[in-house]
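If you want the building blocks of each chain, they are given just below.
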Amino acid sequence: MYQKINACIRAAIDTYEKTLPFKMWKEPILGIISAEDEGLKLLREVVSSTHLLPGDILPGAESIIVFFIPFQDSIVESNLHGETASREWALAYIKTNDLIRVINDDIAEMLRREGYAAGKLPATHNFDTERLVSDWSHRHVACIAGLGSFGFNNMLITDQGCCGRFGSMVTSLPVSAVPEAAAARPPRERCIHKLTGGCGACRKRCPVNAYGDGGFDRRRCYAQCLKNGELHKDLGYADVCGKCLAGLPCSFRSPE
Ligand code: SF4
Ligand code: SF4
């Protein structure tokens, strides 16, 4: 089943890329965890008191499928300079969100044929625009699944770096039916700052100094993202920035 899910993701990427003028994505990373995983119980403490649990999305939930779709290096490099997000970065954000919708549909259909149900979640824009917190954090779920560890910039560093997007879905597929899931990646620290106190390159790259001494200023960050959304509105809705992801030792790989 692990191979079938991976094949769904790979096929969706290959099909989608045929509609684009250039290659947008690298090799995806897949994780599957039990809907009863102990780590999930902390989401309401760590992310938000209103964070959903698997059973809120799919009654009888058994597992969560979570994946990371890394951007091609050229997209990341396009976002190195200037204060506003590059067009390539904005386009990659929009197209990857749509790709994740396609992947979720394809996996759900494959699971349905195998006799399992799926509760799908949007790739983004599932957050409260007042509190600026999400009621389902793909990144935190990916962290629990061992796909990566959080960096000094609050982004998740995977073995393919931090530049890309996460998707996840809740299913009735028991993890016991996916033996490979048991070999989930054990958690490990990847961020240089967290390991040694050094680096810090990510925070220095923020054009609006959102990582101030008083902690992360969500509103300042979101205001910059909205500015980029306005700048690139001809492409679609791209309220992103990503300056604190590009040009780092952890952009394309785990630096530890
Ligand atoms: S740039 Fe350095 S400090 Fe920031 S997340 Fe990456 S490794 Fe950690
Ligand atoms: S996304 Fe942009 S505005 Fe937000 S913290 Fe990172 S660099 Fe700063």
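Residues numbered from 1 in each chain as written. Chains lettered and ligands numbered in written order. Predicted model: local features only at pLDDT ≥ 70, side-chain atom pairs only at ≥ 80, totals over all residues. Heavy atoms only, no water.

**Q** Please provide a residue-by-residue account of the overall build of the protein chain, values included.
**A** Each helix and strand counted, the protein chain has 9 helices and 10 strands in total. For 256 residues, the compact-globule estimate of 2.2 N^0.38 gives 18 Å, and the C-alpha radius of gyration of the protein chain, at 18 Å, lies within 12% of that figure. For the C-alpha atoms alone, the extent of the protein chain along its principal axes is close to 50 × 40 × 35 Å. Counting every position in the protein chain, which comprises 256 residues, the buried fraction comes to 49%. Of all intrachain contacts in the protein chain linking residues separated by at least 6 positions in sequence, the fraction that spans at least 24 positions is 78%. Taken together, the 30 basic and 30 acidic charged side chains of the protein chain have centroids lying 4 Å from each other. (Helix = DSSP H or I, 4+ residues; strand = E, 2+ residues; numbered from the N terminus. Rg over C-alpha atoms; globule rule 2.2 N^0.38 Å. Buried < 20%, exposed > 50% of the residue type's maximum accessible area, 1.4 Å probe, protein only. Contact = heavy atoms within 4.5 Å. Lys, Arg positive; Asp, Glu negative; His and termini not counted. Charge placed at Lys NZ, Arg CZ, Asp CG, Glu CD.)

**Q** Please give an account of the sheet that holds strand β2 (residues 63–70) that cites residues and values.
**A** Strand order in the open sheet made by the 4 strands is β1-β2-β8-β3, with antiparallel pairing throughout. Looking at strand neighbours, the two that pair on one side only are β1 (29–34) and β3 (118–120), the edges of this open sheet. Ignoring strand direction, the axes of neighbouring strands in this sheet form an average angle of 25°. Sheet analysis places β2 next to strand β8 (residues 164–171), joined by 8 bridges and oriented antiparallel. From the neighbouring strand, Ser63 faces β8, where its bridge partner is Thr171. Seen against the sheet, helix α1 (residues 2–17) touches β1 and β2 and runs at an angle of roughly 140° to β1. Of the strands in this sheet, β2, β3 and β8 are in contact with helix α5 (residues 87–113), which crosses β8 at around 25°. (Pairing = 2+ DSSP bridges. Axes fitted to C-alpha atoms, helices over the stretch in contact; angles between N-to-C directions.)

**Q** How would you summarise the site of ligand 1 if you had to cite specific residues and measurements?
**A** What surrounds ligand 1 is a group of 14 residues, the closest being Cys191, Cys199, Gly200, Cys202 and Cys250. With respect to the detected pockets, ligand 1 is housed in the largest cavity. A breakdown of the residues in the shell around ligand 1 according to their chemical character gives 10 nonpolar, 4 polar and no charged. (Near = heavy atom within 4 Å. 1 Å grid on protein atoms, 1.4 Å probe; cavity = no way out; pocket = protein on both sides within 12 Å on 5 of 7 lines; lining within 4 Å. Sits in = over half its atoms within 2 Å of the grid points. Nonpolar A, V, L, I, M, F, W, Y, C, P; charged D, E, K, R; others polar.)

**Q** Please give an account of the packing of aromatic side chains that cites residues and values.
**A** Summed over the entire model, instances satisfying the criterion amount to 4 aromatic pairs. For the cation-ring pair, Arg203 lies above Phe152, with the distance from its terminal atom to the ring centre recorded as 3.6 Å. (Phe/Tyr/Trp six-rings, centres within 6.5 Å; stacked < 30°, edge-to-face > 60°. Lys NZ or Arg CZ within 6 Å of the ring centre and 35° of its normal.)

**Q** If you had to explain the site of ligand 2 to someone new, which residues and values would you point to?
**A** In the region of ligand 2, the neighbouring residues are Cys206, Pro207, Val208, Ala210, Tyr211, Phe216, Cys221, Gln224, Cys241, Gly242, Lys243 and Cys244. Among the residues making up the shell around ligand 2, the classes are represented as 9 nonpolar, 2 polar and 1 charged.

**Q** Describe the pattern of salt bridges, naming the residues involved and giving the relevant values.
**A** Under the defined criterion, the tally for this structure stands at 17 salt bridges. For Arg101, the salt bridge identified is with Asp105, shortest N-O distance 3.8 Å. Of this pair, Arg101 and Asp105 are both found in helix α5, 4 residues apart, which corresponds to roughly one turn of the helix. Assessed through its relative accessible area of 31%, Asp105 is described here as partly exposed. The structure contains a network of salt bridges with shared partners spanning Asp159, Arg188, Arg190 and Glu256. (Salt bridge = Lys/Arg side-chain N within 4 Å of Asp/Glu carboxyl O.)

**Q** How would you sum up empty space enclosed by the protein? Please name residues and give values.
**A** Within the structure shown, the criterion is met by 1 cavity of 30 Å³ or more. Around the largest cavity sit 16 residues that line it, and Phe152, Cys191, Cys199, Cys202 and Cys250 are the ones nearest its centre. Elements that contribute at least two residues to the lining of the largest cavity include exactly α7 (192–196) and α8 (201–204). For the lining of the largest cavity, a count of residues per class yields 11 nonpolar, 5 polar and no charged. (Points joined across faces, edges and corners; volume = space filled by probe spheres on them.)

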